[in-house]
Amino acid sequence: NTTKIKGDDGEALITTVAAGPNTIPVAVELEQTQFTALLRYVWVSESEWLGAKFGATVALPVVQKDRSLLLTPTFPSALPAAARNQVNAQLRSQEALNNGSTGGQGDLEIAPTFSWEGERSKWVLAPTFIVPTGRYDYAKALNAGQGNYYTFRPAVSWGFVASESLQFGVRGLWGINSTNKDTDVKTGQFLSFEAVAYRSFTDGFSAGLNAFAIHQITDDEGPNVAAHGN
């Protein structure tokens, strides 16, 4: 559940909208809830290549998304009523575009896997391909699929079994996107790092912590891309 969106300064996001010669600050409030069920099949063979067991995995997410966006302008006292009405109409249109719900299958992930196993640790290399099978409409801000483009996402992960009940894992990946055929926009490459720690309890129950960070490393390219490229 996402309840905040922040600007580059780490504070609540303030954007702007033009009203004639005036620049109107607009406070952005966003709340989004997403539920995801990931259906995954994993196959591991006994064949080895460079000391690694060869396998494959296929994953299909099923998602439900709900979003609420509120845009609140701060008008200067001298701004005419007609200009205020124009700005409000523009903001209500943006809210209508972003607010709502959607659900269904997401984008299909396919990857060969190469795993090196030690006594307590395991390395896995998974050069993943993401296929745009999810429902997507470029005119809508909320979609089950990410877009009409493909992604190559090689990933390396490491897992460690500290004890019978305690395990740790980290994963790093690099994402490279093709051009979205519906918008002619190619989103920038990104790096992601993820860490997880969990403990197993009785009756097959486990609980833990998960943290991740994503950083875009190249600019978006295409029509109507923001000047900062992100």
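Residues numbered from 1 in each chain as written. Predicted model: local features only at pLDDT ≥ 70, side-chain atom pairs only at ≥ 80, totals over all residues. Heavy atoms only, no water.

J.: What exactly am I supposed to notice about the packing of aromatic side chains here?
T.: Given two aromatic rings, their pairing is described by the distance between the two centres and the angle made by the two planes. Counting across every chain of the model gives seven aromatic pairs. Ring geometry for Trp43 against Phe54: centres 6.2 Å apart, planes inclined by 80 degrees, an arrangement best described as edge-to-face. Residue Trp43 is located in strand β2 (residues 22-49), and its partner Phe54 is located in strand β3 (residues 52-73); the two are separated by eleven residues in the primary sequence. (Phe/Tyr/Trp six-rings, centres within 6.5 Å; stacked < 30°, edge-to-face > 60°. Helix = DSSP H or I, 4+ residues; strand = E, 2+ residues; numbered from the N terminus.)

J.: Would you explain the nonpolar core in this entry?
T.: Grouped together as the largest cluster of nonpolar side chains are twelve residues: Val17, Ala19, Ile24, Val26, Val28, Leu30, Leu69, Leu71, Leu79, Ala83, Val87 and Leu91. Mapped by element, the contributors of at least two residues to this core are β1 (14-19), β2, β3 and α1 (81-98). For this core, the leading source of residues is β2, giving four residues. Among all residues touching Val87, those that are not within four sequence positions of it are Val17, Ala18, Ala19, Pro73 and Phe75. (Core = buried A, V, L, I, M, F, W, Y, C linked by side-chain atoms within 4.5 Å. Buried < 20%, exposed > 50% of the residue type's maximum accessible area, 1.4 Å probe, protein only. Contact = heavy atoms within 4.5 Å.)

J.: Explain the pattern of salt bridges here, please?
T.: Opposite charge on two side chains permits them to pair, given that their charged atoms come into close proximity. Scanning all chains against the criterion turns up five salt bridges. Note that Arg92 is salt-bridged to Glu95, the shortest N-O span being 2.8 Å. One end of the pair, Arg92, and the other, Glu95, are both in helix α1, three residues apart, so they sit about a helical turn from each other. Residue Glu95 is classed as buried on the basis of its relative accessible area, which comes to 9%. (Salt bridge = Lys/Arg side-chain N within 4 Å of Asp/Glu carboxyl O.)

J.: Would you take a moment to explain α1 for this structure?
T.: Given 3.6 residues to a turn, an α-helix orients residues that are three or four positions apart in the same direction. The end-to-end C-alpha separation of α1 is 26 Å, in line with the 26 Å expected for 18 residues at 1.5 Å each. Buried within α1 are the following residues: Ala83, Val87, Leu91, Glu95 and Asn98. One side of α1 carries all its buried residues, which in axial view fall inside an arc of 110 degrees. For α1, exposure combined with an orientation more than 90 degrees from the buried face picks out Ala81, Ala82, Asn85, Gln86 and Ala96. Packing partners of the buried residues in α1 comprise β1, β2, β3 and β4 (100-105). Positive phi appears at Gly100, one or two residues downstream of α1, with a value of about 135 degrees. (Expected span 1.5 Å × (residues − 1). Arc of directions from axis to C-beta.)

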